[in-house]
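Results of the structural survey
One letter stands for each residue in the lines below.
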Amino acid sequence: VYNVTACQHGMEAIERIVLRPPDIVVADVMMPEMGGYELCQRLKSDPDTAPIPVILITARQGVDRTLEGFEAGADDYLTKPFNLQELQARIEVQLKLVDMGRRLAEQEKGAMLNLVACGLAHEVRNPVNAILNAVPPLREGPLLSLADEQGRADCLELMDAITESAERIDLLCADLLGVSRSDLEERTDADDIVRGDGV
């Protein structure tokens, strides 16, 4: 069941689409004030409305007319007379294509975030490892012998705090790398999406 908004001409359609973008636009090529070709061009030239699929309908047949429709940016082109079931089928195809593209974009964004997280975790672990490797020699080195008993106790306490903090950062990075790697190994190909949608 579709929630259909009917417009008398192309200008009215533009105004309504800008105020409340629909999931899909089905327009006749021959309309007063603004025809379907111009309507389609206007929609596709605006980044806010360009993703909306447009199906153009016309009584004019022929390859040239069809090409003209696609050159205007139409996602599909239907000639009159047509069967209502055919129009419904084409609408369903366009809506599924939009949904698939949206899901693929979300998955790609998630994969990129995982790659960034992995890179960041690796970069953080390098200086953390340097800190963890530097603290033990300081504990046993001659530097502490220059301080009095209280000074040595304070230094050792600070070193304990440094070691504990560095170990916590290292553990967080290891956890992050483990999650990111497992996410990246999951299958995110288009075939799984197509099968899931039952196309």
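Nothing here was measured: the structure is a model prediction, and the numbers come from that model.

Conventions we followed
- Residues numbered from 1 in each chain as written.
- Predicted model: local features only at pLDDT ≥ 70, side-chain atom pairs only at ≥ 80, totals over all residues.
- Heavy atoms only, no water.
- Helix = DSSP H or I, 4+ residues; strand = E, 2+ residues; numbered from the N terminus.
- Buried < 20%, exposed > 50% of the residue type's maximum accessible area, 1.4 Å probe, protein only.
- Contact = heavy atoms within 4.5 Å.
- Areas by Shrake-Rupley, 256 points an atom, 1.4 Å probe, with all protein chains shown as cover.
- Patch = residues over 30% accessible without salt bridge, like charges linked within 9 Å, V, L, I, M, F, W, Y side chains within 5 Å.
- Salt bridge = Lys/Arg side-chain N within 4 Å of Asp/Glu carboxyl O.
- Lys, Arg positive; Asp, Glu negative; His and termini not counted.
- Charge placed at Lys NZ, Arg CZ, Asp CG, Glu CD.
- Pairing = 2+ DSSP bridges.
- Right-handed = clockwise from strand over helix to strand, strands pointing away.
- pLDDT = per-residue confidence, 0-100.
- Arc of directions from axis to C-beta.

Our focus in this paragraph is the overall build of the chain. In terms of helices and strands, the chain carries six helices and three strands. Ordered by position from N to C terminus, the α and β elements of the chain give α-β-α-β-α-β-α-α-α. The burial tally for the chain puts 26% of its 199 residues in the buried class. Looking at the chain alone, contacts between residues at least 24 apart form 58% of all its contacts between residues at least 6 apart. Of the accessible surface of the chain, which amounts to about 13400 Å², a share of 56% is contributed by carbon and sulfur atoms.

So, about helix 1 (residues 10-19). What helix 1 keeps buried is the set Gly10, Glu12, Ala13, Ile14 and Ile17. Along its buried surface, helix 1 packs onto strand 1 (25-28) and helix 2 (36-45).

A cluster of acidic residues, Asp148, Glu149, Asp154 and Glu157, forms a negative patch on the protein surface. Mapping Asp148 onto the fold places it in the loop between helix 4 (84-140) and helix 5 (149-185). Residue classification places Asp148 among the exposed residues on the basis of a relative accessible area of 53%.

Another aspect to go through is the pattern of salt bridges. Taken as a whole and assessed by the stated rule, the structure comprises seven salt bridges. Ionic pairing is found between Glu12 and Arg16, a salt bridge with its closest N-O pair at 3.1 Å. Highlighted residues: Glu12 and Arg16, both in helix 1, separated by four residues, approximately one helical turn. Exposure remark for Glu12: the relative accessible area of 17% places this residue in the buried category.

Okay, the pairing of strand 2 (residues 54-58) next. Consecutive side chains of a regular strand alternate in pointing toward one face of the sheet and then the other. When you tally the buried positions in strand 2, you get five out of five residues, the bulk of the element. Of the two faces of strand 2, both are covered, the one formed by Val54, Leu56 and Thr58 as well as the one formed by Ile55 and Ile57. Where strand 1 and strand 2 come together, four bridges link them in parallel fashion. By the bridge assignment, Asp28 is partnered in strand 2 with Ile57. In this view, the connection linking strand 1 to its parallel neighbour strand 2 by way of helix 2 has right-handed handedness. Bridging between strand 2 and strand 3 (residues 76-79) involves four bridges; their strand directions are parallel. Among the inter-strand pairings, Ile55 is bridged to a residue of strand 3, identified as Asp76.

As for its position among the elements, Ile24 is in the loop between helix 1 and strand 1. Take Ile24: its relative accessible area is 18%, and that puts it in the buried class. Ile24 sits 20 residues away from Val4 along the chain, and the two C-alpha atoms are 9.9 Å apart. Ignoring sequence-local partners within four residues, the contact set of Ile24 consists of Ile52, Pro53, Ile55, Ile91, Gln94 and Leu95.

With that settled, consider the confidence of the model for the chain. On average, residues of the chain carry a pLDDT of 77, and 82% of them reach 70 or more. Low confidence marks residues 184-199, where pLDDT is under 50. Its contacts with residues over four positions away, or in another chain, come to 18 contacts.

Despite not being glycine, Glu33 has its phi angle at roughly 70°, a positive value. Topologically, Glu33 is positioned in the loop between strand 1 and helix 2.

Time to look at helix 2. Every buried residue belonging to helix 2 is among Gly36, Tyr37, Leu39, Cys40 and Leu43, and all of these are buried. Relative to the axis of helix 2, the buried residues are bounded by an arc of 160° and lie together on one face.

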